[in-house]
Amino acid sequence: LQSFNPAVDGATLFNDAELRLKQSLILCRDLTSLLRYVRRSETQTDPDVHRKLVAKILEFRDGSMQYLQYRDWRGYETLALEVVTAIENNLDAQPLMHQFGCYLEILYGHVKMRAVLANIFPYSGGNNED
């Protein structure tokens, strides 16, 4: 297209940065919330807490999971299904919840590195002194 009209640039054609920012912020919020439920469920054996986690896992899958990169969907669904199945069958879900929580932390870290979030979550390059 630029060979016909040199004034046209990618930012004009694909001006969806605001939408991608909004979706990425929703995804960050929902991943953080889900991770809190996972961590709470790891430390509590109350069946109500575990049932709420199952509901949150399914809610995320049916909602903001769509804002993840497609390649991450299968990983989420696989681990989520294992956690849900273990909880629903009254099995020891603690190791699975820990694994799922670690996976969510990694996803959250990757989402925060999105270009549209660069001004919100500046990348430190892993040289964090904290």
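Here the structure is shown first, and the text comes after it.
Residues numbered from 1 in each chain as written. Predicted model: local features only at pLDDT ≥ 70, side-chain atom pairs only at ≥ 80, totals over all residues. Heavy atoms only, no water.

A word on the environment of E42. Structurally, E42 can be placed in helix α2 (residues 17–43). Taking the C-alpha atoms as reference points, E42 and G101, 59 residues apart in sequence, are found 9.2 Å from one another. Every residue in contact with E42, bar those within four places of it in the chain, is listed here: Q94, M97 and H98. Here R39 takes part through its side chain, which lies 2.6 Å from a polar atom of the side chain of E42. (Helix = DSSP H or I, 4+ residues; strand = E, 2+ residues; numbered from the N terminus. Contact = heavy atoms within 4.5 Å. Polar contact = N/O pair within 3.5 Å; in protein donor to acceptor, adjacent residues only side chain to side chain.)

Interaxial distance between α2 and helix α5 (residues 94–112) falls to 9 Å at its minimum, and their mutual angle equals 160°. With respect to α5, the axis of α2 lies roughly antiparallel. In the crossing of α2 with α5, the sense of the turn from one axis to the other is left-handed. Taking contact as the criterion, the partners of S24, L27, C28, L31, T32, L34, L35, V38, R39, S41, E42 and T43 in α2 are, on α5, Q94, M97, H98, F100, G101, C102, L104, E105, L107, Y108, V111 and K112. (Axes fitted to C-alpha atoms, helices over the stretch in contact; angles between N-to-C directions. Parallel < 35°, antiparallel > 145°, perpendicular 65-115°, else oblique. Left-handed = near helix turned anticlockwise from the far one by under 90°.)

One pass over the full model with this rule turns up four aromatic pairs. Consider the rings of Y76 and F100, whose centres lie 5.5 Å apart with planes at 50°: the pair is tilted. Here Y76, found in helix α4 (residues 70–88), pairs with F100, found in helix α5; they are 24 residues apart in sequence, far enough to count as distant. In terms of burial, Y76 and F100 fall into one category: buried. Here Y108 and F121 contribute two aromatic rings whose centre-to-centre distance is 6.4 Å and whose plane-to-plane angle is 75°, an arrangement assigned as edge-to-face. (Phe/Tyr/Trp six-rings, centres within 6.5 Å; stacked < 30°, edge-to-face > 60°. Buried < 20%, exposed > 50% of the residue type's maximum accessible area, 1.4 Å probe, protein only.)

A separate point is α4. Counting along an α-helix, one turn takes 3.6 residues, and residues three or four places apart therefore face a common direction. Look at α4: 27 Å from first C-alpha to last across 19 residues, which is about the 27 Å you get at 1.5 Å a residue. Turning to α4, its buried residues number three or more, namely D72, Y76, L79, A80, V83, V84, A86 and I87. Within α4, the buried residues cover an arc of 160° as seen down the axis, which keeps them to one side. Turned more than 90 degrees away from the buried face of α4 sit Y70, R71, R74, L81 and E88, all of them exposed. Where α4 ends, the next residue or the one after it, N90, has phi of about 55°, a positive value. (Expected span 1.5 Å × (residues − 1). Arc of directions from axis to C-beta.)

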